[in-house]
Structure formats: C-alpha cells, structure tokens
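The lines below spell out each chain.
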Amino acid sequence: MLDYAALPPPIAKEIVLLRRRIEASGLPPKATDSNLLIATWNIKAFGGVHPSWEENPGSPKRNLRSLAYLAEVIHRMDVVAVQEVKRDLSGVRRLMDFLGPEWGLIVTDVTLGPEGNAERLAFLFDRRRVQPSGLAGEIVLAGGDDGAPRRQFDRTPYAVGFRAGLSRFVLVTAHIRYGKRAEEREPEIRALANHVAVDMRDRARQAQTEDENLIVLGDFNIDTRGDDPRFQAFVSSGLMVPLQIRDLRTAFGTVPKYYDQIAWFMGEMDLRYTDRSGVIDFAGSVYREMPLRDMAFRVSDHFPLWTEFRLDRSQEALAQSLGLDPNRPDPLSDVQP
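What counts and how
Residues numbered from 1 in each chain as written. Predicted model: local features only at pLDDT ≥ 70, side-chain atom pairs only at ≥ 80, totals over all residues. Heavy atoms only, no water. Pairing = 2+ DSSP bridges. Helix = DSSP H or I, 4+ residues; strand = E, 2+ residues; numbered from the N terminus. Axes fitted to C-alpha atoms, helices over the stretch in contact; angles between N-to-C directions. Parallel < 35°, antiparallel > 145°, perpendicular 65-115°, else oblique. Left-handed = near helix turned anticlockwise from the far one by under 90°. Contact = heavy atoms within 4.5 Å. Nonpolar A, V, L, I, M, F, W, Y, C, P; charged D, E, K, R; others polar. 1 Å grid on protein atoms, 1.4 Å probe; cavity = no way out; pocket = protein on both sides within 12 Å on 5 of 7 lines; lining within 4 Å. Points joined across faces, edges and corners; volume = space filled by probe spheres on them. Salt bridge = Lys/Arg side-chain N within 4 Å of Asp/Glu carboxyl O. Buried < 20%, exposed > 50% of the residue type's maximum accessible area, 1.4 Å probe, protein only. Right-handed = clockwise from strand over helix to strand, strands pointing away.

Colleague: Where do I start with the sheet that holds strand β9 (residues 260-264) in this structure?
Modeller: Working definition: the strands of a sheet are paired by backbone hydrogen bonds and lie parallel or antiparallel to each other. With mixed pairing, five strands are arranged side by side in an open sheet as β5-β6-β7-β8-β9. At either margin of the open sheet sits one strand with a lone partner, and together these are β5 (131-138) and β9. Strand-to-strand twist in this sheet, taken as the mean axis angle between neighbours without regard to direction, amounts to 20°. Alignment of strand β6 (residues 158-164) against strand β7 (residues 167-175), held across seven bridges, turns out to be antiparallel. Within β7, the position partnered with Phe-162 by the bridge is Phe-169.

Colleague: I tried to follow the packing of helix α1 (residues 9-24) against helix α2 (residues 64-74) on my own but got confused; where do I start?
Modeller: The relative placement of two packed helices is expressed as an angle between their axes plus a distance between the axes. Here α1 crosses α2 at 30°, and the two axes come no closer than 10 Å. Taken together, the axes of α1 and α2 are roughly parallel relative to one another. Crossing geometry of α1 relative to α2 is assigned as right-handed. Here Ile-11, Glu-14, Ile-15, Leu-18, Arg-19 and Ile-22 of α1 come into contact with α2, specifically with Arg-65, Ala-68, Tyr-69, Glu-72 and Val-73. Taken together, the residues that form the contact of α1 with α2 break down as seven nonpolar, no polar and four charged.

Colleague: Explanation requested: the layout of surface pockets in the structure shown.
Modeller: The method is simple in principle: a probe with the dimensions of a water molecule rolls over the atoms, and the space it marks as empty is what remains. Reported here for the second largest pocket is a volume of approximately 340 Å³. Lining of the second largest pocket is provided by 23 residues; of these, Tyr-178, Asn-221, Tyr-259, Asp-301 and His-302 occupy positions nearest its centre. Taken together, the residues that form the lining of the second largest pocket break down as six nonpolar, seven polar and 10 charged.

Colleague: Is there a simple way to think about the packing of α2 against helix α3 (residues 90-99) in this case?
Modeller: One way to put it is that α2 packs onto α3 with a least axis distance of 9 Å and a crossing angle of 60°. Considering their axes alone, α2 and α3 lie oblique with respect to each other. Viewed along their axes, α2 and α3 form a crossing whose handedness is right-handed. Between α2 and α3, the residues in contact are Leu-64, Leu-67, Ala-68, Leu-70, Ala-71 and Ile-74 and Gly-91, Arg-94, Leu-95, Phe-98 and Leu-99, respectively. Among the residues making up the contact of α2 with α3, the classes are represented as nine nonpolar, one polar and one charged.

Colleague: Teacher, can you tell me more about the sheet that holds strand β3 (residues 103-107) here?
Modeller: Across the sheet, six strands lie side by side as β3-β4-β2-β1-β11-β10; this open sheet has mixed pairing. Single-partner strands in this sheet number two, and they are β3 and β10 (272-279). Neighbour to neighbour, the strand axes of the sheet diverge by 20° on average, direction disregarded. Relative to strand β11 (residues 305-310), β10 runs antiparallel, the two sharing five bridges. Note that in β11 the partner of Val-279 across the bridge is Leu-305. Its contacts with the sheet place α2 against β1 (35-46), β2 (79-86), β3 and β4 (119-126), and it is angled at close to 155° to β1. Helix-sheet contacts for α3 involve β1, β2, β3 and β4, and the interaxial angle to β3 is about 160°.

Colleague: Could you clarify how one ought to interpret empty space enclosed by the protein in this entry?
Modeller: Counted by the stated rule, this structure contains one cavity of 30 Å³ or more. By volume, the largest cavity amounts to about 30 Å³. As for the largest cavity, its lining consists of Thr-108, Thr-111, Glu-119, Arg-120, Leu-121, Arg-155, Thr-156 and His-175. Of the residues forming the lining of the largest cavity, the biggest block, three residues, is contributed by β4. Each residue belonging to the lining of the largest cavity can be placed in one class, and the counts come to one nonpolar, four polar and three charged.

Colleague: Quick question: what am I supposed to make of the pattern of salt bridges here?
Modeller: Between side chains of opposite charge, a pair can form as their charged atoms come close. Per the stated rule, a full pass over the model turns up 23 salt bridges. Across the pair Arg-65 and Glu-14 runs a salt bridge whose closest N-O atoms are separated by 2.9 Å. Of this pair, Arg-65 sits in helix α2 while Glu-14 sits in helix α1, placing them 51 residues apart in sequence. Its relative accessible area of 11% is what places Arg-65 among the buried residues. With relative accessibility at 3%, the residue Glu-14 sits in the buried group. Of the charged contacts, one joins Asp-301 and Lys-44 as a salt bridge, the two residues approaching to 3.9 Å between their closest N and O atoms. With Asp-301 in the loop between α6 (292-296) and β11 and Lys-44 in strand β1, this pair connects stretches of sequence that are 257 residues apart. Each of Lys-30, Asp-78, Asp-126, Arg-128 and Arg-129 takes part in a single network of salt bridges with overlapping partners.

Colleague: Sorry if this is basic, but what is going on with the pairing of β2 here?
Modeller: Across the eight residues of β2, eight count as buried, placing the element largely inside the fold. For β1 and β2, the ladder comprises six bridges, and the chain directions are parallel. Looking at β2, one finds that Thr-40 is bridged to Ala-81. For the segment spanning β1, α2 and β2, crossover handedness is right-handed. Relative to β4, β2 runs antiparallel, the two sharing seven bridges. Looking at the pairing, Val-80 lines up with Leu-124 of β4.

Printed below as a string of structure tokens:
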C-alpha cells in the first residue's frame with residue numbers, strides 16, 4: 001500500500017495539488033451504505049513501469065511516481081473501468097499494491113490482431129464496497145441471418161456484473177476503434193449500442209435478471225456530443241448521457257475532445273442517479289516540470305470521468321427487497337433472523 005509519509009517531498013506536494021483538482025471536480029466522498037462512485041479512465045498505453053521514483057531515460061516512461069498519481073485518483077472511486085491496459089500487466093499489478101489489499105482486479109485477455117493493439121480492458125474495484133456478482137463476458141455480435149460470421153469489434157467490449165449492498169448492476173466497457181477517419185468509428189458505436197439495448201436489456205427484462213441495471217462506459221472516440229453523428233449513434237438505442245457530463249471534455253489539447261462516456265437507460269434502473277458527475281482535470285497539477293505531451297506518457301492524455309449513484313439502505317428499501325409492505329409501521333418486524 002502507498003506510504004504517503006515516504007513520498008519524496010516534490011511528489012507529495014503534487015499529490016496535494018492533485019487532491020485539490022479532485023475536490024474541484026465535485027467528486028463526493030465515499031459514504032458507507034449511501035453512495036456508489038463509478039468511473040471510466042483511458043490510461044494511455046498502461047503496460048510496464050520503471051520500478052523507481054526517478055525518471056527512466058529509456059522506456060517505459062511511467063514509474064512509481066506515475067502510479068502514485070493514478071492511485072490517488074482511483075482510490076476515491078468504488079469501481080473504475082480502465083481502457084488501454086497492455087499485454088504487460090506488471091504496471092497494473094504494482095498499482096494494485098499501491099491501492100492495497102482491499103482492492104480487486106478483473107481484466108480481459110488481449111485482443112489479437114493489429115487493430116486490437118495488444119490492449120485489454122479492466123475493472124478496478126474497492127472490495128469493501130463492491131463485489132463481483134459472478135457475471136462476466138466479452139461482447140460478441142451474432143452472425144447474419146444467412147449464418148455468415150459478422151465482423152467483430154477491433155477491441156472486444158467487456159461486461160461484468162457487480163453488487164453493492166442490495167443493488168446489482170452490470171458495467172459494459174469498450175474502447176471503440178479510432179480509425180483514420182471519424183466516420184470509421186460509427187459502425188462499432190452503433191453495434192454496441194444496439195447490442196446493449198436489444199440483446200442485453202430486452203433479455204434482462206424477460207428474465208428479470210441483474211442485467212436490467214446496465215451502465216455503459218469507456219472510450220468511444222466521440223469528438224463532440226450533441227449533433228455529432230458518432231454521439232447520435234451512441235444514444236440511438238435509448239442510452240442517455242447525464243446532462244452534467246454533456247459539456248465536459250475528457251482529454252486535453254488545443255481542440256476539446258469528448259471521447260469518454262458514461263450512459264444508461266434513464267428511468268429503468270434501481271440505482272438512483274444523484275445528478276452529480278464530473279471529470280478530474282489533472283493537467284498542470286502533476287509533472288509540472290514537463291510539457292503535457294510528455295506527462296501523458298506518464299499519467300494519461302484522458303481525464304477520469306465519474307458519476308455518483310445513491311444506495312438506499314433504509315428500512316423502506318429493505319422491506320421492498322423482501323417483498324413486504326413498506327407502509328406498515330414496522331415492516332421488518334415479521335422477518336426471522
């Protein structure tokens with residue numbers, strides 16, 4: 001686990017600056033039995049790390065200092081979907097050491113082929129507050145009506161079920177193809193949106209399974225929201241992006257980018273959105289001695305995007321979960337231990 005007292009003073013100072021950026025994002029603290037904090041973060045080419053606090057003149061550029069900054073952000077969340085995890089998992093394993101034994105990791109295999117870029121998708125989660133439900137699987141599109149195989153995603157999306165108290169939910173994460181032109185991204189975006197809406201949501205409605213609480217998040221390589229054709233493809237099947245996210249850019253640069261998304265089917269989930277979402281813009285607070293382009297190889301060129309849901313552990317919620325009448329003066333009085 002990260003020992004803050006042992007941090008080199010310059011790094012400790014930047015941790016303080018990073019904490020101020022986290023607070024400025026509006027991110028609420030974790031509240032036991034009350035809230036659930038879900039985030040998505042593309043951590044640029046997250047592979048091996050240089051096992052030192054000092055800079056590596058060669059490769060990799062990411063080192064222990066980098067991991068300290070990543071851990072400072074991630075440990076504020078309950079579940080984080082991470083994109084661009086590479087074949088080499090040593091950096092992720094060391095990050096888990098920084099986060100501590102309370103944290104868990106679920107990671108896919110790499111997607112083969114040049115389009116897959118030797119990337120994995122991962123979920124990091126605080127096991128004190130969130131546990132896997134047992135559901136996990138990659139998204140594979142059905143073949144055509146003629147039985148012919150269908151082109152799959154360049155980087156296979158991943159769905160994992162979790163539970164937090166009485167609530168169960170499924171997170172579907174993806175890193176959509178970038179391509180040479182923005183138009184090349186749209187087929188994958190539309191295919192995933194349709195799969196989630198039809199194959200997952202409708203099936204869940206029929207079987208009354210935990211898939212009904214679906215949240216889609218990740219790097220969709222959508223340049224802008226609103227009228228952008230890629231964004232319209234993303235929401236074409238009913239997925240809704242919270243208004244609080246609509247104007248938040250998720251990558252730094254001279255031209256604002258809105259690559260990363262969190263969305264769900266509004267009004268169809270047991271989880272209740274608190275109207276609080278944000279991004280943590282860490283640019284300029286860490287690795288201040290170098291240009292942002294160089295910093296990106298040590299932390300990322302994407303900002304973490306987060307959202308908060310309410311967990312209601314009240315007597316009324318418990319009674320409803322047990323099929324009792326919540327309007328009785330003490331609906332739990334007949335429950336046997």
